[in-house]
Amino acid sequence: MMPSNFQPDVSKLQSHYDVIIVGTGAGGGTLAYALADTGKQILLLDRGAPIPREKANWNPKAVYMDGLYRTEEQWLNAEGDRLQPSLYHRVGGSTKVYGGALLRLRSQDFEALQFPEGVSPAWELTYEDFEPYYTQAERLYKVHGLRGDDPTEPPATDGFPHPPMSHEPRIQHIAAQLKQQGLQPFYLPMAIDRDEANPQQSPCIRCDTCDGYPCLTNGKADAETCCVLPALRHPNVTLQVGVEVQQILTDSSGRRVHAIAAMINGKRIQITADVVVVACGAVNSAALLLRSANEHHPKGLANSSDQVGRNLMKHNVSKFYAIAQTPNKTVFQKTLAVNDFYFGDQEHHYPLGHIHLMGKHKWQMMRSDFPQWVPNAVLDYLAQHSVDWWLQSEDLPDANNRVSIKPDGQIMVNYQPNNLSVHHQLQQQFEQILRRIGFKFFYSVPMPLKIMNHQVGTCRFGSDPTTNVLDLNCQTHDVENLYVVDSSFFPAISAVNPTLTIAANALRVADHLKQQLGVQNTHQESFV
C-alpha cells in the first residue's frame, strides 16, 4: 500500500540505462548488489515505497489483522472471485516480512523424484552448479546454522558464516524429546543479523515480532538491508520507487527489448536499456510478459512456447498448532527444523516434506486461522500453550496451474492443489510423534491460495525453447536481452523454502551478465 502522500521523485532519472531491473526482492535486489561494482548504469525499479521504520512494524493487530504494508492488488481465481494475495510490493519485496529461513535445495532435489501422484522433474543443472553461489548467498544474507546438523543436508564447500540461533528452554526440551523418538532435529538456517556472543552490538534483539513482520531494528537479513541499500552506495546504481512497469517494448525486429513503459506520478514514461531484467515474483513476472504482447509476440513476450504463466507451484503448506498443558514462554521460536521425512521413511518410499517452527504466534496472528466463534480470550490461552509448526510438501508442476490475464490486464490465477496425499501423510507422521512427547491437541490450517510466499515456476528454464521460457542463464529464448531472475525459473519446487535458491541463482546470473556486459567478474567485500 503506497502512502497517500507519497510522490516519487523522478528528477534524477535518465532516459537510458545499461541495465534495468524490475523488482527489488530476493532476485532483483540480489542481482543489483552483484552488479553494483561493475560501473554500469543500473536502474532498480519498484512499484512500492520502502516500509517505514515505525512502531507499527511490530504491532500484530496492524500487521496481521489490518494488513498494514500489504499490497492492495487483487487477482481473480479460477471461479472468477477476487482475492487479495498476502504479498508485499515494497523495496526488498516479500523478504521484508519473511521468516528468514534460508535452506539449500538437497542434491536429490535437482533430480527427478517419483511421488504417488506424479513426478517432480529433474533440473538441467545440478546442485554442484549452484553450490558456489549458495555459499556466497549464505554469506550475503548472514545465515546462521550448523553444518552437518541436518541429516539431508547437501555437501558444502564452507561452513555457515554464523553459528546457529540458539534454542530457548522450551524448544531445547522439545528438540531433546524428538531425539529420544529417533528423529534428528536440527538448527534451522536463519538469515538474521545477530552476534549471539555480543548481543548488545547486534541489530537483532531476538524479539517475538520477527516472522511475518518488518524489522524495526533492521535485524532481519532481507533483500533491502543486505542488497539494495549496499548497492545504492555505488553512484552508478539508482533506485526509483513508485513505478508500475506496464509493458516491455521490443525493437522492430521483435528480437531485442528496446524499453520499458511505466506509470509514474500518473504519467506514462518510457526508459530504454541495453538489458532488462524482470524480477517481480512468479505471478507478476508472468503477467508482465503476457501484458507485453505485440505483433511479433502475439501470445505474450517471450511466449512462443506457450509456457509463460504455466506450471505455477506454491508448496502444499499447513500451519500446525501443537498445544500442551505446559506453557510455551519462548520469545524467538523459529530455531528448530525436522527433515527426517524429507525423502520418506520406512512406511513411505517417496518424499514427504519439511517441517520447521514458525515465529511464536500471538492470538492476533491466529485470529484468521480459527473460526470467528472462538473468543479472543480462548485464542490467547492457546497462543500461550502452543508450539507453532510450519509443514510444507512439494506440489508438482501442472501446465493447467497457470497465470493468465484478461483483456484489461487483470491477473487471473488458476491453481488446483496436487500431491496432497503426501502432505497429509507428513502431518500424520509428525502428529503421532508429538503425541508421544506430551502434546494433546492439534489444529491444522491449510494455507489458501492467497498465501503465495513460495510462488515459483511460471517461466521455467531449460535448453529446449519449445518447452521452456528461459535458457539456462535465465535469458528468454525469444528475446536476446531480456532476463527473468526471480522464482519463475524453477522447474520443480522441492520441499524447502525457495528464497536462498532465488538469491543464489541471481548471483549465478550476475556472473553471466558481467560477461555479456564486458566487465570482469568482481567480488563484493561484504560477502565476508
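Residues numbered from 1 in each chain as written. Predicted model: local features only at pLDDT ≥ 70, side-chain atom pairs only at ≥ 80, totals over all residues. Heavy atoms only, no water.

Points about the nonpolar core
- By size, the foremost hydrophobic cluster in this structure holds 112 residues, and its most contacted members are Tyr-141 and Ile-248.
- Per element, the largest residue contribution to this core is 10 residues, and it comes from helix H10 (residues 499-517).
- Sequence-distant contacts of Ile-248, that is, excluding residues within four places in its chain, are made with Val-257, Ala-259, Ile-260, Val-276, Val-278, Leu-288, Leu-289, Ser-292, Leu-301 and Leu-482. (Core = buried A, V, L, I, M, F, W, Y, C linked by side-chain atoms within 4.5 Å. Buried < 20%, exposed > 50% of the residue type's maximum accessible area, 1.4 Å probe, protein only. Helix = DSSP H or I, 4+ residues; strand = E, 2+ residues; numbered from the N terminus. Contact = heavy atoms within 4.5 Å.)

So, the packing of helix H1 (residues 28-35) against H10
- Here H1 crosses H10 at 40°, and the two axes come no closer than 8 Å. The pairing of H1 with H10 is recorded here as oblique in orientation. Seen from above, H1 lies across H10 with right-handed handedness. Between H1, through Thr-30, Leu-31, Ala-34 and Leu-35, and H10, the contact on the second element is made entirely by Ala-503, Ala-506, Leu-507, Ala-510, Leu-513 and Lys-514.
- Class assignment for the residues of the contact of H1 with H10 results in 8 nonpolar, 1 polar and 1 charged. (Axes fitted to C-alpha atoms, helices over the stretch in contact; angles between N-to-C directions. Parallel < 35°, antiparallel > 145°, perpendicular 65-115°, else oblique. Left-handed = near helix turned anticlockwise from the far one by under 90°. Nonpolar A, V, L, I, M, F, W, Y, C, P; charged D, E, K, R; others polar.)

A word on the sheet that holds strand E16 (residues 354-357)
- Overall, antiparallel pairing links the 6 strands, which are arranged E8-E15-E16-E17-E14-E20 in an open sheet. The sheet is open, and its two edges are formed by strand E8 (186-187) and strand E20 (441-446), each paired on a single side.
- Here strand E14 (residues 316-323) runs beside E20; their pairing, made up of 6 bridges, is antiparallel. The residue of E20 that forms the bridge with Ile-323 is Phe-441.
- The strands touched by helix H8 (residues 376-385) within the sheet are E14 and strand E17 (386-393), with E17 carrying the most contacts at an inclination of about 80°. (Pairing = 2+ DSSP bridges.)

Some remarks on the confidence of the model for the protein
- On average, residues of the protein carry a pLDDT of 95, and 97% of them reach 70 or more.
- Every residue in residues 1-5 scores below 50 in pLDDT, and together they form 11 contacts with partners more than four places removed in sequence or on other chains. (pLDDT = per-residue confidence, 0-100.)

Let's talk about the packing of aromatic side chains
- According to the stated counting rule, one finds 18 aromatic pairs in the structure shown.
- On the numbers, 5.3 Å between centres and 55° between planes, the contact of Tyr-64 with Tyr-213 is tilted. Remark: Tyr-213 occurs in the loop between strand E9 (190-191) and helix H5 (223-231) and Tyr-64 occurs in helix H2 (residues 60-65); sequence separation between them is 149 residues.
- For Tyr-64, a relative accessible area of 25% puts it in the partly exposed group.
- For Tyr-213, a relative accessible area of 1% corresponds to the buried category.
- Geometrically, the ring pair formed by Phe-130 and Tyr-134 is tilted, given 6.3 Å between the ring centres and 40° between the ring planes. With a gap of 4 residues between them, Phe-130 and Tyr-134 both fall in helix H3 (residues 127-140), about one helical turn apart.
- Residue Phe-130 is classed as buried on the basis of its relative accessible area, which comes to 0%.
- Overall, the relative accessible area of 0% leaves Tyr-134 in the buried class. (Phe/Tyr/Trp six-rings, centres within 6.5 Å; stacked < 30°, edge-to-face > 60°.)

Remarks on the packing of H3 against H10
- Remark: H3 packs on H10, axes separated minimally by 8 Å, with the N-to-C direction vectors making an angle of 110°. In terms of orientation, H3 and H10 fall into the roughly perpendicular class. With respect to the hand of their crossing, H3 and H10 are arranged in right-handed fashion. Residue-level inspection shows Asp-129, Phe-130, Tyr-133, Tyr-134, Gln-136, Ala-137, Glu-138 and Leu-140 of H3 in contact with H10, the latter providing Leu-500, Thr-501, Ala-503, Ala-504, Asn-505, Leu-507, Arg-508 and Asp-511.
- When its residues are assigned to classes, the contact of H3 with H10 shows 9 nonpolar, 3 polar and 4 charged.

Regarding the side chain of Glu-431
- As for its placement among the helices and strands, Glu-431 is situated in helix H9 (residues 420-436).
- Within the local environment of Glu-431, its side chain forms a polar contact with the side chain of Arg-435, the two groups lying 2.9 Å apart.
- If near-sequence neighbours (up to four positions away) are discounted, Glu-431 is found in contact with Phe-320 and Phe-442. (Polar contact = N/O pair within 3.5 Å; in protein donor to acceptor, adjacent residues only side chain to side chain.)

Digging into the side chain of Thr-38
- On the secondary structure map, Thr-38 appears in the loop between H1 and strand E2 (42-46).
- Exposure remark for Thr-38: the relative accessible area of 15% places this residue in the buried category.
- In terms of polar contacts, Thr-38 uses its side chain to reach the backbone carbonyl oxygen of Leu-35, at 2.7 Å.

Notes on H1
- With 8 of its 8 residues buried, H1 lies for the most part within the structure.
- Here H1 has its buried residues at Gly-28, Gly-29, Thr-30, Leu-31, Ala-32, Tyr-33, Ala-34 and Leu-35.
- Elements that come into contact with the buried residues of H1 comprise strand E1 (16-22), E2, H3, H5, strand E13 (267-278) and H10.

Examining unusual backbone geometry
- Phi at Tyr-69 takes a positive value of approximately 80°, unusual for a residue other than glycine.
- One non-glycine residue, Cys-474, adopts positive backbone phi at about 65°.
- Relative to the helices and strands, Cys-474 resides in the loop between E20 and strand E21 (482-484).

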